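Topology and contacts: notes
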Amino acid sequence: MREKTLSLVYIALLTLGLSSSFAANATDEQCQQYTHYQRQGLQAYKSQDYTQARRNFEYQVILAEICPAHHHQKSLAYNNIALTYFHQQRYLTADVWLKLAPDSNQSKANAHFYAKEIEQAKKRARASINGQYWSYVGQDAWNRISVKKTANNLVDISFSGMYPGRNILKYGPHMGDLTARITVKNHQGVYQSPNGECKIHFHFLPNKLIIKQTSAWCSFGAGVSATGHYQKVDDRSDD
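Each residue is numbered by its place in its chain's sequence as written, counting from 1. With the structure being a predicted model, the display of local features is reserved for residues of pLDDT at least 70 and the display and counting of side-chain atom pairs for 80 or more, all residues being used for whole-chain, interface and lining totals. To obtain the side-chain values, all non-hydrogen atoms of the structure were used and water was disregarded.

**Some words on the overall build of the protein chain**
The way it works is that DSSP assigns letters per residue, a run of H or I at least four long becomes a helix, a run of E at least two long becomes a strand, and they are numbered from the N terminus. Of the regular secondary structure elements, the protein chain holds nine helices and eight strands. Looking at the protein chain as a whole, 46% of its 239 residues are labelled buried. Any two residues whose heavy atoms approach within 4.5 Å are treated as being in contact. Look at the contacts in the protein chain between residues 6 or more apart in sequence, and 53% of them connect residues 24 or more apart. Here, Shrake-Rupley sampling with a 1.4 Å probe gives the accessible areas, and only protein chains in the shown set may cover a residue. Of the roughly 12600 Å² of accessible surface on the protein chain, a fraction of 48% belongs to carbon and sulfur atoms. When a residue's accessible area, from a 1.4 Å probe over protein chains only, is under 20% of the maximum for its type it is buried; when over 50% it is exposed; and in between it is partly exposed.

**Overview of helix H4 (residues 50-66)**
The length a helix should cover is 1.5 Å for every residue beyond the first. Taking 1.5 Å per residue as the helical rise, H4 with its 17 residues ought to reach 24 Å, and the 24 Å between its terminal C-alpha atoms agrees with that figure. Residues Tyr50, Ala53, Arg54, Asn56, Phe57, Gln60, Val61, Ile62, Leu63, Ala64 and Glu65 constitute the buried set of H4.

**A look at the confidence of the model for the protein chain**
As a per-residue quantity, pLDDT reports the predictor's confidence and falls between 0 and 100. Averaged over every residue, the pLDDT of the protein chain is 88; the share at 70 or more is 87%. Every residue in residues 1-25 is under pLDDT 50, and counting partners more than four places away or in other chains gives 51 contacts.

**Thoughts on the packing of aromatic side chains**
The criterion for an aromatic pair is that two Phe, Tyr or Trp rings (for Trp, the six-membered ring) have centres within 6.5 Å, with stacked assigned to planes under 30 degrees apart, edge-to-face to planes over 60 apart and tilted to the rest. On inspection of all chains with the given rule, the structure shows 13 aromatic pairs. Considering the side-chain rings of Phe86 and Tyr91, the 6.3 Å spacing of their centres and the 45° angle between planes classify their relative orientation as tilted. Given the relative accessible area of 1%, Phe86 is considered buried. Seen from their ring centres, Trp97 and Trp142 are 5.2 Å apart, and the 70° between their planes marks the pair as edge-to-face. Of this pair, Trp97 sits in helix H6 (residues 91-98) while Trp142 sits in strand E2 (residues 141-149), and the two are 45 residues apart along the sequence. You can call Trp97 buried: its relative accessible area is 2%. Linked through ring pairs, Tyr78, Trp97, Trp134, Tyr136 and Trp142 together constitute an aromatic cluster. For a ring to carry a charge above it, either NZ of a lysine or CZ of an arginine must fall within 6 Å of the ring centroid while also lying within 35 degrees of the normal to the ring plane. Here the guanidinium or amino end of Arg54 rests over the ring plane of Tyr85, the centre of that ring lying 4.0 Å away. Above the ring of Trp134, the side-chain terminus of Arg144 is found at 4.0 Å from the ring centroid.

**What to know about the pattern of salt bridges**
Salt bridge, as applied in this entry: a Lys or Arg side-chain nitrogen positioned within 4 Å of an Asp or Glu carboxyl oxygen. Evaluation of the coordinates by the stated rule reveals five salt bridges. For the salt bridge of Lys99 with Asp95, the shortest nitrogen-to-oxygen distance reads 2.4 Å. The class for Lys99 is partly exposed, based on a relative accessible area of 40%. Judged by relative accessible area, which is 9%, Asp95 ranks as buried.

**Comments concerning the layout of surface pockets**
In the cavity and pocket records, a cavity denotes points on a 1 Å grid over the protein atoms alone where a 1.4 Å probe fits but cannot get out, a pocket denotes an open set with protein on both sides within 12 Å along at least 5 of 7 lines, and lining residues are residues with an atom within 4 Å of a point. Grid points are joined across faces, edges and corners, and a volume is the space filled by probe spheres set on the points. Here the largest pocket is characterised by a volume of approximately 260 Å³. Taken together, 18 residues form the lining of the largest pocket, with Ser128, Ile129, Lys149, His187 and Phe204 sitting closest to its centre. Mapped by element, the contributors of at least two residues to the lining of the largest pocket are strand E4 (174-185) and strand E6 (199-205). Under the scheme applied, nonpolar residues are Ala, Val, Leu, Ile, Met, Phe, Trp, Tyr, Cys and Pro; charged residues are Asp, Glu, Lys and Arg; polar residues are all the others, including Gly. Here the residues of the lining of the largest pocket are counted per class, giving nine nonpolar, five polar and four charged.

In structure tokens form, the structure reads like this:
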């Protein structure tokens, strides 16, 4: 009953504030698709196909961010995606989406409703540094890093970075990847490439990871940087 009640309440919320107007300084054709993706996502959501709903809501997020006419609906879009993760019991992932608009009424309501589940997931995740960490870079793009502790303070990291660019809907984001093994002592570690051109600092905190890329050149795509504050979204090292 609890799950059903939330779904009905937020199906109503999902439909609030829809606008068919489009932004003059963004591609008209793109911005006109906002309502389409909203409706398609809602249809899949009602059918409990949360993965398909999320695919549509991801486009909704992008358009809410690039189309001025829809800027006021960013929080709605973030919460739509969060709800799909909540229904799939991916509470930490849902939580990072809520944190993109922490002061909105929708975020507060969803965070309150799932507070117990979120806290339990965080408690389990704090047991180890292992897991998946995300940092938002905009337009539905997240920098992601997988962390797996091996032995003798050695940690395997796998970084997948993104940068939205100006035409993400047409060409996709710029990307950059890095796989390495680093030594972590006192919750901190450093990666340095063999040629010394790339240096990245890691600072591990409970369910968080602070990364600072101190070199401009790490062979990533244009605009991609590992620097950021990352939140753990899964206590497993692999998706």
